Amino acid sequence: MHRSKTYRHLEVAELDVKVYGRPIRIATDGEVGPLGTRFRFSAQPAALSVYR
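Since we're looking at a predicted model, the values are computed, not measured.

The secondary structure content of the protein chain amounts to 0 helices and 4 strands. Listed N to C, the secondary structure of the protein chain is β-β-β-β in terms of helices and strands. Among the 52 residues that make up the protein chain, the fraction classed as buried is 8%. Excluding contacts between residues fewer than 6 apart, the proportion of contacts in the protein chain whose partners are at least 24 apart in sequence is 29%. Looking at the protein chain as shown, the accessible area adds up to about 5,600 Å², and 53% of this sits on carbon and sulfur atoms. Each charge class in the protein chain was averaged separately, 9 positive and 5 negative side chains, and the resulting centres sit 13 Å apart.

See below:
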């Protein structure tokens, strides 16, 4: 994947996404959200526990 022209790996606290074209719905945590063309995603350190 490190040679891909479309895949990028970034580690950030927040991410703003702009959709060009018609509004879409996105799902986060299994919940479908409202229609939109701009979305902001954020993460809180240690907010998610993962069990293996």
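Another aspect to go through is the environment of Leu-15. Within the secondary structure, Leu-15 is located in strand β1 (residues 14–18). Given the relative accessible area of 41%, Leu-15 is considered partly exposed. For the pair Leu-15 and Ala-43, spaced 28 residues apart in sequence, the C-alpha to C-alpha distance is 9.1 Å. In this structure, Leu-15 is in contact with Phe-39, Arg-40 and Phe-41, ignoring residues within four places of it in sequence.

Mapped onto the elements, Leu-35 comes out in the loop between β3 (31–32) and β4 (38–42). The spacing of Leu-35 and Arg-8 is 27 residues in sequence and 25 Å in space, taken between C-alpha atoms.

Below, the discussion takes up unusual backbone geometry. Even without glycine at this site, Asp-29 takes up a positive phi of about 55°. Structurally, Asp-29 can be placed in the loop between β2 (27–28) and β3. For Asp-29, a relative accessible area of 81% corresponds to the exposed category.

About the criteria used
Residues numbered from 1 in each chain as written. Predicted model: local features only at pLDDT ≥ 70, side-chain atom pairs only at ≥ 80, totals over all residues. Heavy atoms only, no water. Helix = DSSP H or I, 4+ residues; strand = E, 2+ residues; numbered from the N terminus. Buried < 20%, exposed > 50% of the residue type's maximum accessible area, 1.4 Å probe, protein only. Contact = heavy atoms within 4.5 Å. Areas by Shrake-Rupley, 256 points an atom, 1.4 Å probe, with all protein chains shown as cover. Lys, Arg positive; Asp, Glu negative; His and termini not counted. Charge placed at Lys NZ, Arg CZ, Asp CG, Glu CD.

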